[in-house]
Amino acid sequence: MIPAPGSHSAAGFTVPAVPTTQVGGGRVIPVTVLSSLGNNSWQLSVEGRTVTATSLLKLIPGQTVLTRVEHAPEAMFLRLVAPPALFAFLDRHALPNDALMRAVVEAFMRSGLPLEPSALRRARATLSSSAGAQSPAERARLTAEAMRRGLDLSSDALDALAGRFAGEGDEDRSRDREQKRPFRSERDLLEHAVTRVDEEPEDPVQFFNMHRANEDQHWVVIPFSYDDEENRYRAVLRLLLSREPNRVIRAGLSVDGAQGRWGFEWYTRQRGEGEDRSVMLFPPEMGADFPDGVIVDRTDPAFLRLQEVLRELGVDSVDIADSGESFDGFSSELPMDIMRGVQVDA
């Protein structure tokens, strides 16, 4: 699950001594562990400065780890991009220590796949030869989910599952089909997208959804598009279904808009005898078209209205992530303990 406020140190470093204006949110920076000060305090080297941080991580002086900057009102949080054991694992098995391989490893971890070096190399080779418009994390997770089902995806299949159409003809046919049926609301359109069955059984999305891994939990992917008065949006809804009991336990929604790709993550967690339903919003990342990214103010009337609408639908909490890089279209949770077993057994 996403760490709750106050539990940040379980997945990174809380650094109150570094002014938040000097290091931009969302940046990935290396952090070197200088020494342990005891009581979960560490001395770190952050971009040439020595700072004191608080963390529950088990680290070794001399280690360098990658972190992503997240800002808080009176401090800075450096979230671990990869577990420290990942670097030792990649080195031990002569695997490339680059962004693409790290994305593949994280995708395998999130999908619950064993970190088999030959499978990791095969997944990386697939992604290297079929680079697409969506993020490496998204393509890596799609590849991992397909491999979990025994499927090898082509570049076109990856594009379809990511909600990107191969050509204008596909988009025109999709629009023609949707325009034949009037939608009274966004809910009506979404219900149509969820229940729609493509006419051609070899459609990669339908093929992917029908191949269930022999497990109790199963992801399904639902690409759809819609128009408002000015713009056309492409979206992908991903649902994690549970067989016992029969319910949705997590969902991810990606929407391509004028400012880039927005992400929404819905998940539940136990709270006493009930459940706490939460939604996290991931704004678009920095890119060529938007060099400064997108800043979402929690006091913005549009965000406050979104909170109100979602709470009326039974969502207990709505928040905004500092960076969208941790969201791969499915989830943002990264099980940090899986690497310990791999390091020992490998």
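Everything that follows concerns the structure shown earlier in this document.
All residue numbers refer to positions counted from 1 along the written sequence of the respective chain. This being a predicted model, a pLDDT of at least 70 is required before a residue's local features are given, and a value of 80 or more before pairs of side-chain atoms are given or counted; all residues contribute to the totals for chains, interfaces and linings. Water and hydrogen atoms were dropped before computing side-chain values, which therefore reflect all heavy atoms in the structure.

Colleague: Where do I start with the sheet that holds strand β8 (residues 232-242) in this structure?
Modeller: Pairing between the strands of a sheet comes from backbone hydrogen bonds, and it takes one of two forms, parallel or antiparallel. Strands qualify as paired when DSSP identifies two bridges or more between them. Numbered from the N terminus, helices here are DSSP runs of H or I no shorter than four residues, and strands are runs of E no shorter than two. Read across the sheet, six strands follow the order β7-β8-β9-β10-β11-β12 without closing on themselves; strand pairing throughout is mixed. Two strands close off the open sheet at either side, each with one partner strand: β7 (217-227) and β12 (317-320). Between one strand axis and the next, the sheet turns by 20° as a mean value, whatever way the strands run. The pairing of β8 with strand β9 (residues 247-257) spans nine bridges and is classified as antiparallel. Paired with R234 across the strands is D256, a residue of β9. Here a residue-residue contact requires only that any non-hydrogen atoms of the pair lie within 4.5 Å. Helix axes are fitted to C-alpha atoms over the stretch in contact, other axes to C-alpha atoms as well, and angles between N-to-C directions run from 0 to 180 degrees. Each of β7, β8 and β10 (260-271) is contacted by helix α4 (residues 136-148), which is oriented at about 135° to β7, the strand it contacts most. Packed onto the sheet, helix α9 (residues 301-312) meets β10, β11 (274-282) and β12 and runs at close to 150° relative to β12.

Colleague: Could you clarify how one ought to interpret the nonpolar core in this entry?
Modeller: As a rule of thumb, nonpolar side chains are buried together in soluble globular proteins. The criterion is simple. A nonpolar core is a set of buried Ala, Val, Leu, Ile, Met, Phe, Trp, Tyr and Cys residues joined through side-chain atoms within 4.5 Å. A simple rule labels every residue: compare its accessible area, found with a 1.4 Å probe on the protein chains alone, to the largest value its type can have, and call it buried under 20%, exposed over 50%, or partly exposed in between. In terms of nonpolar packing, the biggest core is built from 37 residues, with V104, V105, F108 and L120 touching the most fellow members. If you list the elements that add at least two residues to this core, you get α1 (84-92), α2 (99-111), α3 (117-128), α4, α5 (155-161), α8 (204-210), β7 and β8. For this core, the element with the most residues is α2, which contributes seven residues. Dropping the residues within four chain positions of it, L120 is found in contact with F89, L95, M101, V104, V105, F108 and L115. One finds L44, V46, L57 and M76 within the second-largest nonpolar core, a separate group that totals 17 residues.

Colleague: Hey, could you run me through α2 in this one?
Modeller: Each turn of an α-helix holds 3.6 residues, which means side chains three or four residues apart point in the same direction. Take the residue count of a helix, subtract one, and multiply by 1.5 Å to get its expected span. Compared with the 18 Å implied by 1.5 Å per residue over 13 residues, the 18 Å span of α2 between its first and last C-alpha is a close match. In terms of burial, α2 is largely enclosed, as 11 of its 13 residues are buried. Every buried residue of α2 is accounted for by M101, R102, A103, V104, V105, E106, A107, F108, M109, R110 and S111. Count one or two residues on from α2 and you reach G112, which has phi positive near 75°.

Colleague: Hey, could you run me through the packing of aromatic side chains in this one?
Modeller: Between rings of Phe, Tyr and Trp, where Trp is taken as its six-membered ring, a pair exists when centres lie within 6.5 Å; planes separated by under 30 degrees are stacked, by over 60 edge-to-face, and by other angles tilted. Under the criterion given, the structure shown has two aromatic pairs. Seen from their ring centres, W219 and F330 are 5.0 Å apart, and the 85° between their planes marks the pair as edge-to-face. Here the residue W219 occupies a position in strand β7, and F330 occupies one in the loop between β12 and α10 (338-345), the gap between them amounting to 111 residues. The pair W219 / F330 is uniform in exposure class, with both members buried. Each ring, one from F282 and one from F327, has its centre 4.7 Å from the other, and the planes form 5°; the classification is stacked. Taken together, the residues F282 in strand β11 and F327 in the loop between β12 and α10 connect sequence positions 45 residues apart. When the NZ atom of lysine or the CZ atom of arginine is within 6 Å of a ring's centre and also within 35 degrees of its normal, the charge is said to sit over that ring. Between the NZ or CZ atom of R149 and the centre of the ring of F208, over which it lies, the distance is 3.9 Å.

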